[in-house]
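Here is what each chain is made of, one letter per residue.
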Amino acid sequence: MSVEEGGVPGLGRHRQARWTLMLLLSTAMYGAHAPLLALCLVDGRVPFRPSSAVLLTELTKLLLCSFSLLVGWQAWPAAGPPWRQAAPFALSALLYSANNNLVIYLQRYMDPSTYQVLSNLKIGSTAFLYCLCLHHRLSARQGLALLLLMIAGACYAAGGLQDSVNTLSGPPPAAAASPMPLHITPLGLLLLSLYCLISGLSSVYTELLLKRQRLPLALQNIFLYTFGVLLNLGLHAGSGPGPGLLEGFSGWAALVVLSQALNGLLMSAVMKHGSSITRLFVVSCSLVVNAVLSAALLRLQLTATFFLATLLIGLAVRLYYGS
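Nothing here was measured: the structure is a model prediction, and the numbers come from that model. (Residues numbered from 1 in each chain as written. Predicted model: local features only at pLDDT ≥ 70, side-chain atom pairs only at ≥ 80, totals over all residues. Heavy atoms only, no water.)

Peer 1: Looking at this structure, how should I read the overall build of the chain?
Peer 2: Summing up its helical and strand segments, the chain has twelve helices and two strands in all. The linear arrangement of helices and strands in the chain, starting from the amino end, is α-α-α-α-α-α-β-α-α-α-α-α-β-α. Out of the 323 residues belonging to the chain, those deemed buried represent 41%. A separation of at least 24 residues holds for 88% of the contacts in the chain among residues at least 6 apart in sequence. Total accessible area computed for the chain in this model is approximately 16,800 Å², and 68% of it derives from carbon and sulfur atoms. (Helix = DSSP H or I, 4+ residues; strand = E, 2+ residues; numbered from the N terminus. Buried < 20%, exposed > 50% of the residue type's maximum accessible area, 1.4 Å probe, protein only. Contact = heavy atoms within 4.5 Å. Areas by Shrake-Rupley, 256 points an atom, 1.4 Å probe, with all protein chains shown as cover.)

Below you can see the structure in the form of structure tokens.
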């Protein structure tokens, strides 16, 4: 299995098992994110500022990377850290920050269902930029696998889950009888295209940086997350009046921050030793975890569309990674 195929060449069986375990953990954390956020709700609303959660997540990642270098889990460069190599990570942090904010603005110009379906186009943009920037050609079989992955995401977003309470108790109440109609404005379509482009660019550019620099991953992450903390601190301070940094946080909210921080570190390892394509498969497979947890914790009901999406994801994995 090659790096581009999601594995690490030359690994023994034990280390390959650790790599597989890391991918499974990352998939589980991605899938648990939305259900954990739902458990944080108070009277149907998130009780803390979203910018606080993002800032604390970036800060947690920075602290964990610093700790790993201090205790010697990763070797510190013998000649000292080459600080000039930190500058390129500012662009990575800026791209990730722009992407996170675009997600919020997109909701103003389209309904959530349309966003969920069309946002799967970022799989195509990431694959295109991956081939263009990293000079890697995908076979027809691999291209078909990524196409199936996009279709699976769209199927899941279109109706993989439904409210089991409404299903069992009859017609929904009058307030929910008229859901937001499907719509997208021309500006929304433009912003969505920009979102997909930035999503692919941020992933591929960061992978390129991580692989080209001969530095410990923890040090590279310190560079990236330092810029991330500074950017999100500015966004948090400029977001206007609202709850304090830790106001409204519960045990569930702390678990969201910790899981997202750990997942960010796992994804950086995937980007350095695997590829952006591997990351796409992790995110897509996490839909299955998300659905199962939503059904178990939030009493949502799995639909036939979910099982179709699961089948397509399994087929895509087989096509891409099969011999």
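After that view, the rundown keeps rolling.
Peer 1: Is there a simple way to explain the environment of G264 in this structure?
Peer 2: Relative to the assigned elements, G264 resides in helix α10 (residues 251–273). Counting along the chain gives 235 residues from G264 to M29, while the straight-line C-alpha distance between them is 9.8 Å. Leaving out residues up to four positions away in the same chain, G264 has contacts with K61 and Y225.

Peer 1: Any chance you could explain the nonpolar core here in plain terms?
Peer 2: Counting 28 residues, the largest nonpolar core has M22, F89, F223 and V270 as its most contacted members. At the level of secondary structure, the elements contributing two or more residues to this core comprise α1 (13–40), α2 (50–70), α3 (88–106), α8 (186–212), α9 (217–237) and α10. When residues in this core are grouped by element, the largest group, eight residues, is from α9. Apart from the residues lying within four places of it in its own chain, the contact partners of V270 are W19, M22, L23, S275, T278 and R279. A145, I277, A291 and F306 belong to the second-largest nonpolar core, a separate cluster that totals 24 residues. (Core = buried A, V, L, I, M, F, W, Y, C linked by side-chain atoms within 4.5 Å.)

Peer 1: Could you clarify how one ought to interpret the side chain of S125 in this entry?
Peer 2: Mapped onto the secondary structure, S125 falls in helix α5 (residues 122–134). A distance of 2.7 Å separates a polar atom in the side chain of S125 from the backbone oxygen of C196. For S125, the residues in contact, after removing those within four places along its chain, are C196, L197 and G200. (Polar contact = N/O pair within 3.5 Å; in protein donor to acceptor, adjacent residues only side chain to side chain.)

Peer 1: It is not clear to me how the side chain of E58 should be interpreted in this structure. Could you clarify?
Peer 2: Structurally, the position occupied by E58 is in helix α2. Accessibility expressed as a relative area gives 13% for E58, which makes it buried. One polar contact links E58 to K61, side chain to side chain, over a distance of 2.9 Å. Residues in contact with E58, not counting those within four places in the same chain, are Y225, G228, V229 and N232.

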